[in-house]
Amino acid sequence: MKVLVVTTVLPARKLHGSEVASQNIIEALQHNGCEVTVLGYGRKEDGELHIAPHEVLVSERSVETKQAKLKAFGWFAFSLLKRLPYSSAKYISSDYIKRVQSLLSTESYDAIVIDHAQIGWLLDVIKHPKIALIAHNLEHEIYRQHYERSQNRLAKWVYQREAKLVKRLEARVASAAQEVWTLTQHDTNYFAQFTQARTLSLPSSFANIQAEPIPKVFDIGIIGSWSWKPNEEGLRWFLETVYPLLPPSLNVHVAGRGADWITESYPKIHYRGFVEDSKAFMMQARVMAIPTLSGGGIQIKTLDAIASGSQIVGTSTALRGIANPPRTVAIADQPQQFAQQLATAVSLDYSIADLAESQQWYRDRQARFLHEVKQGMQALVTSIELDRLVIPK
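Starting from 1, residues in each chain are numbered consecutively following that chain's sequence as written. Under the rules for a predicted model, residues below a pLDDT of 70 receive no local features and side-chain atom pairs below 80 are neither given nor counted, while totals for whole chains, interfaces and linings still include all residues. For the side-chain quantities, the full set of heavy atoms in the structure was used; hydrogens and water were omitted.

1. Regarding empty space enclosed by the protein
Reasoning step 1: With a 1 Å grid spanning the protein atoms alone, the term cavity applies to any set of points in which a 1.4 Å probe fits but cannot get out, the term pocket to an open set with protein on both sides within 12 Å along at least five of seven lines, and the term lining residue to any residue with an atom within 4 Å of a point. Grid points are joined across faces, edges and corners, and a volume is the space filled by probe spheres set on the points. Counted according to the given criterion, the structure contains four cavities of 30 Å³ or more.
Reasoning step 2: Here the largest cavity is characterised by a volume of approximately 100 Å³.
Reasoning step 3: What lines the largest cavity is a set of 14 residues, among which Val9, Leu10, Arg13, Arg43 and Leu49 lie closest to the centre.
Reasoning step 4: Segments assigned H or I by DSSP are reported as helices when at least four residues long, segments assigned E as strands when at least two residues long, and all are numbered from the N terminus. Take the lining of the largest cavity: its biggest share by element is three residues, from strand E2 (residues 35-43).

Encoded structure:
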């Protein structure tokens, strides 16, 4: 099958969690024999672009509001004018529409995969009978959470509006699709009211697993992209409520872009910024802390932390969508409990058996994921073949 994937940002470099998820699904399609073309923007803030052979660049674009600066006001005005979600309006451009039209006029695709509902406005451009939607999470639920937690009246209005419009867009795209692929059973249950929905057991972002253990270098590790609001919220909760309860002898290392404020506010925390090798960082930690309080879908860093074999303490939200994790995983939702679990995990001896169990969990989940993507594509193939049948009168 020839498949066109339309997405927000080209994901081959796997620089952010959503890109990891998208690229894993793309690679699973390729593994199952699909010829895949991916169309999307290049994110300006990620530096030098590296376009994979199967990717088609629309243009370079700042897609984060902070980096977009004045352009963000234009996007918001456009969203008001067209009654669209802001998170969707910022991806609309004549360049994208022309690229889609050019590809559809020169190539014959058996299926179109819409990656993220925010790209759903392309339904006005794409006229295709076989569409699959990759729903990384229920976006409208995330904006509703922001609305409920915000104390600012203007922010509450913005989040309430976004939640309402995103919910409408998600329903529209799901209703136009023959398949919706989600990352949690919760999301599958929601989208099942519109069309066929299935849960994919998304694997870790690691290309391979570590054959041998590596030495532990520090006590507690935390990693994330801190410019994303739910990540920053969880990190601040940890530093403000959990960190003061930890034994002073424990050292904490934080990795990831966007948390430079830590250096001044928490001088005893080792803030390392962006790390080239997230797997090594996770394996060097005696325990990985994942203090997620909100958000949707599944967290790539949780999957990666499990695959690393290190001990893990995470909130219930951090473990959403992950059933039957290995014994290295502990759940804690209250600050005192979280701190106690961390102190206990740090004191545990590093076990080869724990690493072996985590590696087997990694392999099992990866195999299940490939099979689930295959099933999703077989369902599309079947519907395509039925459409092509000519029944004599």
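2. Notes on the sheet that holds strand E9 (residues 252-255)
Adjacent strands of a sheet form backbone hydrogen bonds with each other and so pair up, either parallel or antiparallel.
Reasoning step 1: Here, strands pair whenever DSSP counts at least two bridges between them. Read across the sheet, six strands follow the order E10-E9-E8-E11-E12-E13 without closing on themselves; strand pairing throughout is parallel. Each edge of the open sheet is held by one strand with a lone partner, namely strand E10 (270-273) and strand E13 (329-331). Adjacent strand axes in the sheet meet at a mean angle of 25° when their direction is disregarded.
Reasoning step 2: Looking at chain direction, strand E8 (residues 218-223) and E9 are connected through four bridges and run parallel. Bridge pairing in E9 places Ile220 opposite Val252.
Reasoning step 3: By definition, residues are in contact when any of their heavy atoms lie within 4.5 Å. Here, axes are lines fitted to C-alpha atoms. For helices the fit covers the stretch in contact, and angles between N-to-C directions go from 0 to 180 degrees. Lying on the sheet, helix H12 (residues 300-308) is in contact with E8, strand E11 (285-290), strand E12 (311-314) and E13; it crosses E11 at an angle near 160°.

3. With respect to helix H6 (residues 139-149)
Side chains three or four residues apart in an α-helix point the same way, a direct result of the helix having 3.6 residues per turn.
Reasoning step 1: A simple rule labels every residue: compare its accessible area, found with a 1.4 Å probe on the protein chains alone, to the largest value its type can have, and call it buried under 20%, exposed over 50%, or partly exposed in between. When H6 is considered as a whole, its buried residues turn out to be Glu139, His140, Glu141, Ile142, Tyr143 and His146.
Reasoning step 2: Contact partners of the buried residues in H6: helix H4 (86-89), helix H7 (153-176), helix H8 (185-191) and helix H9 (229-242).

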